[in-house]
Amino acid sequence: MTTAAGQDGFPRLHRMGEEGMLIEFGDRLSMPVNAAVLAFRAAVKAAGWPGLQETATSLKSVFLRFDPEKLPHETLERALTELLASHDWLAEPLPQGRRLWRVPTLFGGAAGPQLDEAAELCGMDADQAVRIISETPVRVLTIGFSPGMPYLGQLPEAFDIPRKTELNPHVPAGGLALAIRQMVLFPVGTQTGWRWIGRAALDVFGQQAEQPFPLTAGDEILFEPVSQDAFDEAWAKVEAGQMAALSEVLA
């Protein structure tokens, strides 16, 4: 089923099996589309519909899981259609309660061996790339792929570079990688086709940490360049399950 369509046919509402509903706000990522996703999810959660069991977001859609015996499909579709029509979601502000994280980050060298390559593809040198990245608050657009792993963006258009054609065999936990105007921050060591540019002292999935899942979609991050010694000190805190990054509530 597709309904509640506006400009370019969005948003679109789809049934997903017996217990799921998907609301799409666009066919490609943009910051307004992602903001609409986050605002709409917050509104759905605030509505408190009986039988709604779970909400989750992607870059450009909201997924709902529900109990059809307590919340029949037709009832949920009607409520969602009314909620979609009640606002211009692309113009809605981001939800309250978001946080800005300031994360000690080591760029380049052994901590980011593909920084020079990524910077060249962006048409700049490594120092310029680090300066722009570190001055740009990036939004946690969504969390996925691995537990707690954030997709972060968007960076300026110059950073719209492709993924690599071959895999990096191993990027460690805390590895910061770049592609398609986004960055990802890895919770564990992994392979990736994204270019590895640095390492950030933030454990996004710390099973023994003070905050096992510190990030929420909609939060923002500033990756603040630090020296090797400062990073080593911050990473020691991370390994001890402590929070090395600072955070504050966004107005």
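Below or above, wherever it landed, is the structure these notes cover. (Residues numbered from 1 in each chain as written. Predicted model: local features only at pLDDT ≥ 70, side-chain atom pairs only at ≥ 80, totals over all residues. Heavy atoms only, no water.)

In this structure, Lys164 sits in the loop between β7 (150–153) and β8 (168–171). When the C-alpha positions of Lys164 and Leu152 are compared, they lie 18 Å apart, and in sequence the two are twelve residues distant. Non-local contacts of Lys164, meaning those with residues more than four positions away in its chain, are made with Gln114, Glu117, Gly193, Trp194 and Arg195. A distance of 2.9 Å separates the side chain of Lys164 from the side chain of Glu166, its partner in a polar contact. (Helix = DSSP H or I, 4+ residues; strand = E, 2+ residues; numbered from the N terminus. Contact = heavy atoms within 4.5 Å. Polar contact = N/O pair within 3.5 Å; in protein donor to acceptor, adjacent residues only side chain to side chain.)

What follows deals with the sheet that holds strand β2 (residues 20–24). Read from one edge of the open sheet, four strands run β1-β2-β4-β3, paired in antiparallel fashion. Either end of the sheet is taken by a strand with one partner, and the two such strands are β1 (12–16) and β3 (52–57). When the angles between neighbouring strand axes are averaged without regard to direction, this sheet yields 20°. With five bridges connecting them, β2 and strand β4 (residues 61–66) associate as antiparallel partners. Each bridged residue has a counterpart across the sheet, and for Gly20 the counterpart in β4 is Arg65. Helix α1 (residues 31–47) contacts β2, β3 and β4 of the sheet and is inclined by roughly 170° relative to β3. (Pairing = 2+ DSSP bridges. Axes fitted to C-alpha atoms, helices over the stretch in contact; angles between N-to-C directions.)

This next bit is on the pairing of strand β5 (residues 99–107). With seven of nine residues buried, β5 lies mostly within the body of the structure. For β5 and strand β14 (residues 246–249), the ladder comprises four bridges, and the chain directions are antiparallel. Bridge pairing links Arg102 to Leu246 in β14. In the sheet, β5 pairs with strand β13 (residues 220–225) via six bridges, with the strands oriented parallel. (Buried < 20%, exposed > 50% of the residue type's maximum accessible area, 1.4 Å probe, protein only.)

Let's shift gears to the pairing of strand β6 (residues 138–143). Within a regular strand, the side chains alternate between the two sheet faces. Where burial is concerned, most of β6 is hidden: five out of the six residues are buried. Sheet topology note: the β6/β13 ladder contains two bridges and is antiparallel. Its bridge partner being in β13, Val138 is matched across the sheet by Ile221. Pairing of β6 with β7, which is carried by four bridges, proceeds in the antiparallel orientation. Across the sheet, Thr142 pairs through a bridge with Tyr151, a residue of β7. Between β6 and β7, which follow one another and run antiparallel, lie six residues, and Phe145 among them has a positive phi close to 75°.

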